[in-house]
Amino acid sequence: MNRHVPPHVAAAEAREADGLGCTDVTPIKQRGQHEVFCGLTSIIWLHRKVQDAFFLIVGSRTCAHLMQSAAGVMIFAEPRFGTAIIDDRDLSGMADMNEELDKVVARLIARRPDIRMLVLVGSCPSEVIKLDLGRAAMKLNERFAPDLRVLSYSGSGIETTFTQGEDNFLQAVIGGTPRAAPDAPRQLLVAGCLADVIEDQFTRIFHGLGIENVHFLPARHAEGVPPIGPNTTVLMAQPYLTETAKMLEKKGARVLTAPFPLGEEGTTAWLRAAADAFDVPADRFAAITGAGRERARKAVSLYRDRLAGKRVFFFPDSQMEPSLARFLSREVDAEILEVGTPYLNKNHMAPDLALLPSSVRLAEGQDVDKQIDRVRADDPDLIICGMGLGNPFEAEGRTTKWSIEFAFTPIQGYEQAGDLAELFARPLGRRDLLQVEV
């Protein structure tokens, strides 16, 4: 009997035949003007995730306005982040900045006694004036331990992109995490911030596979990260955690390499990497993941007609771009013209790159003017770009999608595969509705 192969699967299999996909494609190296949010922006999802932490930005009024606007926090809300503002007295030397910071922290702790982790976040202004937040965190730890853990990291936007804020934060968390005992039971650590609902979904799947000792980084509570050592197997949920992965390996953990869990194919390959590491039988894996895979395929199929054959161009923004491009190429048969990413970690991204066609143009870093020229030459059907570029492109009659939405929206896992496809399809549907026949 002949196997029925849907057109999008046949196209993907034909592209996969060369074996290497996009792995050995030499990226365009760009070092010019770049347009991304700064690392402070990651606090928007981190402060929601770690429920007993407080992120105190040491920065300017501009930092405060950015965070307030980006998070959409109303004036009467009680968020778990704030800004210790560096003002003219601090900059002129009229006040001791370390003493001023101590006062701010004391007032904060008095007002919010529920805080168990205080995170001092460096900004462009604090780094320019060489304020040593690491030393400040050590002193505050001595003062408030053991009731409060104080750590610091850089969220500066100088030569970084916004997702690197999470990488820096997790690196700081791991740095203060004890090593596991040599005889500690084996555990799976999922690294990368995930929405609670997705974390719960993955936990149920792992438990179904027989992997019971599962932890997530960041954890929902300050004390939720377990000791880490050779007993720890790490599955990366986000592609931008380069320094986090290095820190975990230094502590003896084994970091798995797999496609990231976007769409049915990516989620299945990601789960299979953990299953293989924990010797889960193939029949059990199929039984546990089968229903989820089917739901994901059906959900994605609702948007395939709108996305199939569409030519897509990715500007660099979050380092999620290769995984997102792989999803579009493999599961809805879109044509990927260029995948721009701020930093290309080929070790982490190799499985996703191998599933992209070799015709894809890779670009690492950014020179925004040159990329705009390439967009105009390519004339794609859909441009994935930052907010600052979206409106000018729309004014030219081009169709765009804000790339930051993929960082803020829960898109990982089987149950969110349709939502991921819908994010790409939405601007194309909007364009069709707005077209007027003369």
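In short, a report on the structure. The structure presented is a predicted model; accordingly, all values stated were derived computationally and were not measured. (Residues numbered from 1 in each chain as written. Predicted model: local features only at pLDDT ≥ 70, side-chain atom pairs only at ≥ 80, totals over all residues. Heavy atoms only, no water.)

Regarding the environment of Glu249
Alright, step 1. Locating Glu249 in the fold gives a position in helix α10 (residues 242-250).
Alright, step 2. Relative accessible area serves as the criterion here: at 46%, Glu249 is assigned to the partly exposed category.
Alright, step 3. In sequence terms Glu249 and Pro230 are 19 residues apart; their C-alpha atoms lie 8.9 Å from each other. (Helix = DSSP H or I, 4+ residues; strand = E, 2+ residues; numbered from the N terminus. Buried < 20%, exposed > 50% of the residue type's maximum accessible area, 1.4 Å probe, protein only.)

Brief notes about the packing of aromatic side chains
For any pair of aromatic rings, the description consists of the separation of the ring centres together with the inter-plane angle of the planes.
Alright, step 1. As enumerated under the stated definition, the model contains 12 aromatic pairs in all.
Alright, step 2. Centre to centre, the rings of Tyr153 and Phe169 are 5.8 Å apart; their planes meet at 55 degrees, and the pair counts as tilted. Here the residue Tyr153 occupies a position in strand β5 (residues 149-154), and Phe169 occupies one in helix α8 (residues 164-175), the gap between them amounting to 16 residues. Comparing Tyr153 with Phe169 shows no difference in burial state: the two are buried.
Alright, step 3. An aromatic cluster is present here, built from Phe314, Phe327, Phe406 and Phe424 joined pairwise through their rings.
Alright, step 4. Residue placement shows Arg186 over the ring face of Phe278; its charged tip is 4.1 Å from the ring centre. (Phe/Tyr/Trp six-rings, centres within 6.5 Å; stacked < 30°, edge-to-face > 60°. Lys NZ or Arg CZ within 6 Å of the ring centre and 35° of its normal.)

So, the side chain of Ser318
Alright, step 1. In this structure, Ser318 sits in the loop between β10 (311-314) and α14 (321-331).
Alright, step 2. The class of Ser318 is buried, set by a relative accessible area of 3%.
Alright, step 3. For Ser318, the residues in contact, after removing those within four places along its chain, are Phe162, Thr163, Tyr240 and Pro342. (Contact = heavy atoms within 4.5 Å.)

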